[in-house]
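# Survey of secondary and tertiary structure
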Amino acid sequence: MSGQAMWAILTFLAAGIGTMLLGLALRWVDRKVTALVQWRVGPPWYQPLADVLKLMGKETLMPSTARGTGFLLAPIIALSATAVTAAILWRTLLVPQEGFLGDLIVVIYLLMVPALMTVLGASASGNPHASIGAGREVKLLLSYEAPLLLAFLVPIARSGWTLDLGRIVTAQAASPVVFSVSGVLAVVVAVVCMQAKLGQVPFDLAEAECEIMSGVYVEYSGPSLACWLMARMMLLALLPLLLILMFWGGLHTGAWWGVPAFLGKYVLFVALVTLIRNTNPRLRIDQTMRLFWFVLVPAAAVAVVLSMTGISRGIPWL
Amino acid sequence: MNGFLEAMRDPLMAPIVWALAAGAAAYLAARLSTAAGKVLAVAASLMVLGGAANILRRPEALASSIPWADLGGGFLLTIDLACTPLGMLVLIASAGFSLLITLYSFRAMAGEYWEGKFYAYVIWSLAGTAIVALAGNLLVLLVGWELVTLMLFLMINQGSGDAPAGAAKAYGILGFADACLLLAVALLVAQPGGSANLSLTRGAVPVEDLGAAGYVVYSLILVAALAKAGAVPLHTWIPKAAENAPPSVTAYLPGALDKLLGVYLLVVVTFRMFQPDGTMGVVLLVVGCLTLLGAGLMAVMQENLNRALAFDAVSQVGYMAIGIGAGTWLLAAGGTQAAALAGVAVAGALFHMLNHAIYKCSLFLMSGVAGKACGTSNLSAMGGLGRIMPVTFLCGLVAALAASGVPPLNGFASKWLVFQGALSLKNPGAPIVLVVAVFASALSLALFLKILYAVFLSPRPAGVSVPRSGKGSFLLTAPMVIQAAACVLLGVRPQWALELFNPAIVQAGAQAVAADGGGIRTGDLGLWNPGVATGLILIGIVLGLGFAWIMSVKRKVRVVRPFLSGEVPAAGDDRFRLPATDFYKTLGKLPLIGTLLAQGETGAMDPYYWSGKHGRTFVELLRSLHTGLVSLYVAWCLLGMMVMLAYLLLSARI
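The rules behind these values
- Residues numbered from 1 in each chain as written.
- Chains lettered and ligands numbered in written order.
- Predicted model: local features only at pLDDT ≥ 70, side-chain atom pairs only at ≥ 80, totals over all residues.
- Helix = DSSP H or I, 4+ residues; strand = E, 2+ residues; numbered from the N terminus.
- Rg over C-alpha atoms; globule rule 2.2 N^0.38 Å.
- Buried ≥ 20, exposed ≤ 12 C-beta atoms within 10 Å, placed from the backbone.
- Contact = placed C-beta atoms within 7 Å.
- Pairing = 2+ DSSP bridges.
- Nonpolar A, V, L, I, M, F, W, Y, C, P; charged D, E, K, R; others polar.
- Axes fitted to C-alpha atoms, helices over the stretch in contact; angles between N-to-C directions.
- Parallel < 35°, antiparallel > 145°, perpendicular 65-115°, else oblique.
- Core = buried A, V, L, I, M, F, W, Y, C linked by C-beta atoms within 7 Å.
- Expected span 1.5 Å × (residues − 1).
- pLDDT = per-residue confidence, 0-100.

## Looking at the overall build of chain A
When helices and strands are counted, chain A shows eleven helices and one strand. Listing each helix as α and each strand as β along chain A from the N terminus yields α-α-β-α-α-α-α-α-α-α-α-α. Taken over the C-alpha trace, chain A has a radius of gyration of 20 Å; the compact-globule value for 318 residues is 20 Å, and the two agree within 12%. Taking all 318 residues of chain A together, the buried fraction comes to 61%. Considering only residue pairs separated by 6 or more positions, chain A has 79% of its internal contacts joining residues 24 or more positions apart.

Structure (structure tokens):
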């Protein structure tokens, strides 16, 4: 095995495990803050880990209607695709000068895999609640994909039309995208899309506990459910990172304030997720699609037009 | 006889002559024995493959020209043949598809009343494709082109139900396209230079050099190519034909060969015959975006499996149009870097053409097997095949994920190149094209999730008997397995295919990526490195499985009743089954999009429907004039004579 492949595997393992631990911590923060908002004490710091470990020890139940292999394999594929994304993103953050496995398009498609596996797993369970959830999950994917990409086009255009994540990060060394009118607009759109991609309230309609009994996950239990929980926690850790890379210039390794500033940005994005989920009621799927296609797509398009005007006229703040 | 023997010795002529002769033999033998047709179809595919190998074996670039007749006025009829890398790719791929379809049809077409003739048509379609792929001038290409159209009509016409209407529609639209091509030939011959203008090998001529006629000719050939490939708005024959045609036919012609031919002609006219200006590139980009979005949205709303696949087949042509359009625009912009980036875009379009033919052919074959098992192609009445046909399910899954562009399958590799091409436009069009292209990919994913759910994963509807895959199912599944393997292989090693069609394009692309950003970063050819990423995903899955196994080493998976909030469905109770056709009903209720979809479904955007409607009004008008009364005809005669008299008097200036 070549040295390069060895490094790739090591990065993959380190990023996967690291992101999982970070995801557990973030999940705890999210739950604790939610509890405090709701005037409760909230769980202890080890609660998410305890949940996962407990599920790992449980037996796996499979409904008689399920298509077994697909049903059990889906969460594992979702988890490993998320881990590959983690490897790409962390590596870009730490060493933006060197390309790694892929670029933004690869990341966008890899981030689609967990949603895809959720739908396949849910379909394979043969449960009608899961089927309804699966249909909604796909519609949600269709809803946020276009505005998210449009929002990403702002940093892509500002870095000279490249899809290379590393170059998008290094192009922002002097002034991050978010310090511009188009950048702010794009970040707002991207944050809403992130909320939808995470399946958090108000976009948790694929699960909707009190309506379709956790929808896509209704038949999952034991280790398979633990895999889903871990994949989602990892996404909770990864999407703020992606947004920082795209809009806020990553980690300024040269400066002393680089790491604290990065942590500040990271906490800000995670706090936004928690804040939005605690202050909004769930939207119906048609409301969600209208919001994304008829409000966020035009908004993101305006951002792209503004940024392109800014580039052609030489106005950096536009 | 001597001429025939002479032709057989010419390596370029040989595959064509063999295929035509094999087709004729199969047609003659059709009434006597179907086995002869089968043997001849396999033999013809192998002979064409052998002929292609024979051409590739020779180091020199082959070309042959056989004078036929001098029609006067500078119009020399010659049979020009030439060998180009792309033509050879089309030839080899179509022979491969023909072989797979023949194997599949051994079982799928067994017992059909026209089984013998079917194999003759398959061979002749291959012969037509071979003529197009090896053509050295536009007239020879037109002959092959027309032959394939005719075979398509004959084959669709044999389907069940409303098939003749589908065949008529296909022939109507493709006949119009062929007429455009013929008109282009006539216009080209009328230009200074005569029949030499038809040559496909003399090098690209700037469109402006021919003046307005140049633009007209280019547009006519463009219409022919896009109608064959099936781009909006000339796509409507594909869904109609797919509805009732036998699956072998849909998979072979609209699924694979017509796409190869359409895109091949598009590339030939855009890069080999002419040097179009940037405007033509923009036209192609607009057509590509409309095709991707329009057909993609229509596809997710379909309730019939074949129609849904057909609309997706239309939608994917958009990527090829975008790749070639971006290439045209970049080439017209000038500069070495732009030329190299154009190479990336065009390579993406061509790679996507090949990939699409592979997975769409496989999906149409899957639809044939599934449709036969369930006795219907209506998605809401299908289901439960995942358990009964695991191999078909797996192949369908791979092909569907490849079509949706999920890494690391082949669809992703070619879309990646098209995205790069679109982005390198670096003009206000780039963001629109990129967003449309990525969004259309999500639409494809949505469609295939619906199909996978409906056909394989959802519970079987009540009242449908247990389908069984019986004797000979190996022949049905083997082509799908081969195609699924090709999807994986070309996804993990895209360089193999890219090097096959044009090493120069790949090198140019690599140089472009190098010039663009200090070294090739994501792979040895400017591609992302699918090998490592696939390896990592596989390692992840193995680790996950190992972990799951350790956790459940003492306990087996326990099978329980599905959770239905305490309800226990009785046998045959369909209340707990959600049909896949309900998945995207929300889309139809959205403002604007819902209206557009409803309009699309009623044929408001179908030129065939409109020309039929208005043509009918005209015919009715003429018909109303023919009442059979003598006095009326006498009145018409008198009126005509008066008009003639008036004309003569006026022209004589009396």
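Further notes follow.
## Description of the overall build of chain B
Within chain B one finds 25 helices and five strands. Relative to a compact globule of 654 residues, whose C-alpha radius of gyration would be 26 Å, chain B shows 27 Å and is just as compact. Along the longest, intermediate and shortest principal axes, the C-alpha atoms of chain B span 110 × 70 × 60 Å. Across chain B, contacts joining residues at least 24 apart in sequence account for 79% of those joining residues at least 6 apart.

## Digging into the pairing of strand β1 (residues 63-70) of chain B
All names here are of chain B. With respect to burial, β1 is a largely exposed element, only zero of its eight residues being buried. Relative to strand β2 (residues 76-82), β1 runs antiparallel, the two sharing seven bridges. Opposite Ile66, over in β2, you have Ile79 as the bridge partner.

## With respect to the interface of chain B and chain A
If you look at the interface, chain B gives 63 residues, while chain A gives 65 residues. Sorting elements by how many residues they give to the side of chain B that touches chain A places helix α17 (residues 429-457) of chain B first, with 14 residues. Split into classes, the residues belonging to the side of chain B that touches chain A amount to 42 nonpolar, twelve polar and nine charged. Bridge count for strand β1 (residues 61-63) of chain A against strand β5 (residues 558-560) of chain B is three bridges, and the pairing is parallel. The residue of β5(B) that forms the bridge with A:Pro63 is B:Val560.

## Quick word on unusual backbone geometry
Omega for the bond connecting A:Val201 with A:Pro202 falls within 30 degrees of zero, at 10 degrees, which places this linkage in the cis form. Here A:Pro202 shows up in the loop between α7 (181-197) and α8 (209-212). The peptide bond linking B:Val232 to B:Pro233 adopts the cis configuration, its omega dihedral lying at 5 degrees. Relative to the assigned elements, B:Pro233 resides in the loop between α8 (212-229) and α9 (237-244). In the Ramachandran plot, A:Trp39 falls in the positive-phi region, its phi being about 65 degrees despite a non-glycine side chain.

## Focus: the packing of helix α2 (residues 13-29) of chain B against helix α3 (residues 34-57) of chain B
Axis angle and axis distance: for two packed helices, these are the angle between their axes and the distance between the axes, and together they describe the pair. Residues and elements named next belong to chain B. Two elements in contact, α2 and α3, have axes whose closest approach is 9 Å; the angle formed by their N-to-C orientations is 180 degrees. With respect to α3, the axis of α2 lies roughly antiparallel. Residue-level contacts link Ala14, Pro15, Trp18, Ala19, Ala22, Ala25, Ala26 and Ala29 of α2 to Ala36, Gly37, Leu40, Ala41, Ala43, Ala44, Met47, Val48, Gly51 and Ala52 of α3. Taken together, the residues that form the contact of α2 with α3 break down as 16 nonpolar, two polar and no charged.

## Here's the deal with the environment of B:Leu365
Residue and element names in this part refer to chain B. Tracing the backbone through its elements, the reader meets Leu365 in helix α13 (residues 336-374). Judged by the 30 C-beta atoms lying within 10 Å of it, Leu365 falls in the buried class. It is 49 Å that separates the C-alpha atoms of Leu365 and Gly72, two residues lying 293 residues apart in sequence.

## Here's the deal with the nonpolar core
Residues and elements named next belong to chain B. Counting 343 residues, the largest nonpolar core has Ile123 and Ala437 as its most contacted members. Considering every element that reaches this core, the biggest residue donor is α13, with 24 residues. With sequence-adjacent residues up to four places away left out, Ile123 is seen in contact with Ala19, Ala22, Gly23, Ala26, Leu40, Ala41 and Ala44.

## Structural notes on α7(A)
Residues and elements named next belong to chain A. For α7, with 17 residues, the first-to-last C-alpha span of 24 Å sits near the 24 Å given by 1.5 Å per residue. Burial analysis of α7 places 13 of its 17 residues in the buried class, the great majority of the element. Immediately beyond the C-terminal end of α7, within one or two residues, lies Gly199, with a positive phi of roughly 65 degrees.

## A closer look at the packing of helix α5 (residues 128-158) of chain A against helix α11 (residues 285-313) of chain A
Residues and elements named next belong to chain A. Two elements in contact, α5 and α11, have axes separated by 8 Å at closest approach and are oriented at 10 degrees. In terms of their interaxial angle, α5 and α11 are classed as roughly parallel. For the contact of α5 with α11, the per-class residue count stands at 21 nonpolar, three polar and three charged.

## A short note on the confidence of the model for chain B
Residue and element names in this part refer to chain B. Here chain B shows a mean pLDDT of 82. Residues at 70 or above account for 91%. Note on residues 513-527: pLDDT is under 50 here. Beyond four places in sequence and across chains, it has 30 contacts. On the interface metric, ipTM, the complex scores 0.87, and its pTM is 0.88.

## Here's the deal with the environment of B:Asn54
Following the sequence through the fold, B:Asn54 ends up in helix α3. Linking B:Asn54 and B:Ala14, residues 40 residues apart in sequence, is a C-alpha distance of 9.8 Å.

## Let's talk about the environment of B:Gly294
When you line up the elements, B:Gly294 lands in helix α11 (residues 278-301). We classify B:Gly294 as buried; it has 23 C-beta atoms within 10 Å.

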